[in-house]
Amino acid sequence: MTFQGKEITLENLSPIFTPEQEAAKRRELEQQLYEVFRKYADKRQNEEAGA
């Protein structure tokens, strides 16, 4: 990658978080996954009830 006219190599593109930030990100991800699971579980339950 070129930055300010110099070639630099990017190796680790993962952000570094404090433990508090990491815990907050984990909770946010868990909540999003739960919402997806709940959406599809409700859909499946409704399909089974109608079958």
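Residues numbered from 1 in each chain as written. Predicted model: local features only at pLDDT ≥ 70, side-chain atom pairs only at ≥ 80, totals over all residues. Heavy atoms only, no water.

1. A look at the overall build of the chain
Inference 1: Check the secondary structure of the chain and you find one helix and two strands.
Inference 2: Going residue by residue from the N terminus, the α and β elements of the chain occur as β-β-α.
Inference 3: A globule of 51 residues ought to have a C-alpha radius of gyration of about 10 Å, yet the chain, at 21 Å, is considerably larger.
Inference 4: The principal-axis extents of the C-alpha atoms in the chain amount to approximately 65 × 25 × 15 Å.
Inference 5: Across the 51 residues of the chain, 0% fall into the buried class.
Inference 6: Accessible surface, the chain: about 5400 Å² in total, of which carbon and sulfur atoms supply 54%. (Helix = DSSP H or I, 4+ residues; strand = E, 2+ residues; numbered from the N terminus. Rg over C-alpha atoms; globule rule 2.2 N^0.38 Å. Buried < 20%, exposed > 50% of the residue type's maximum accessible area, 1.4 Å probe, protein only. Areas by Shrake-Rupley, 256 points an atom, 1.4 Å probe, with all protein chains shown as cover.)

2. What to know about the environment of G50
Inference 1: Along the chain, the position of G50 falls in helix α1 (residues 19-50).
Inference 2: For G50, a relative accessible area of 66% translates into the label exposed.
Inference 3: In this structure, the C-alpha to C-alpha distance between G50 and I8, residues 42 residues apart in sequence, is 59 Å.

3. Description of unusual backbone geometry
Inference 1: The backbone of Q4 shows a phi angle near 50 degrees, a positive value even though the residue is not glycine.
Inference 2: When you line up the elements, Q4 lands in the loop between β1 (2-3) and β2 (6-7).

4. Observations concerning the environment of T2
Inference 1: Within the secondary structure, T2 is located in strand β1.
Inference 2: At 2.7 Å, the side chain of T2 and the side chain of E7 are in polar contact. (Polar contact = N/O pair within 3.5 Å; in protein donor to acceptor, adjacent residues only side chain to side chain.)

5. Points about the confidence of the model for the chain
Inference 1: Of all residues in the chain, 98% attain a pLDDT of 70 or more, and the chain-wide mean is 87.
Inference 2: At the level of individual helices and strands, the chain shows its lowest average pLDDT in β1, which scores 81, and its highest in α1, which scores 90. (pLDDT = per-residue confidence, 0-100.)

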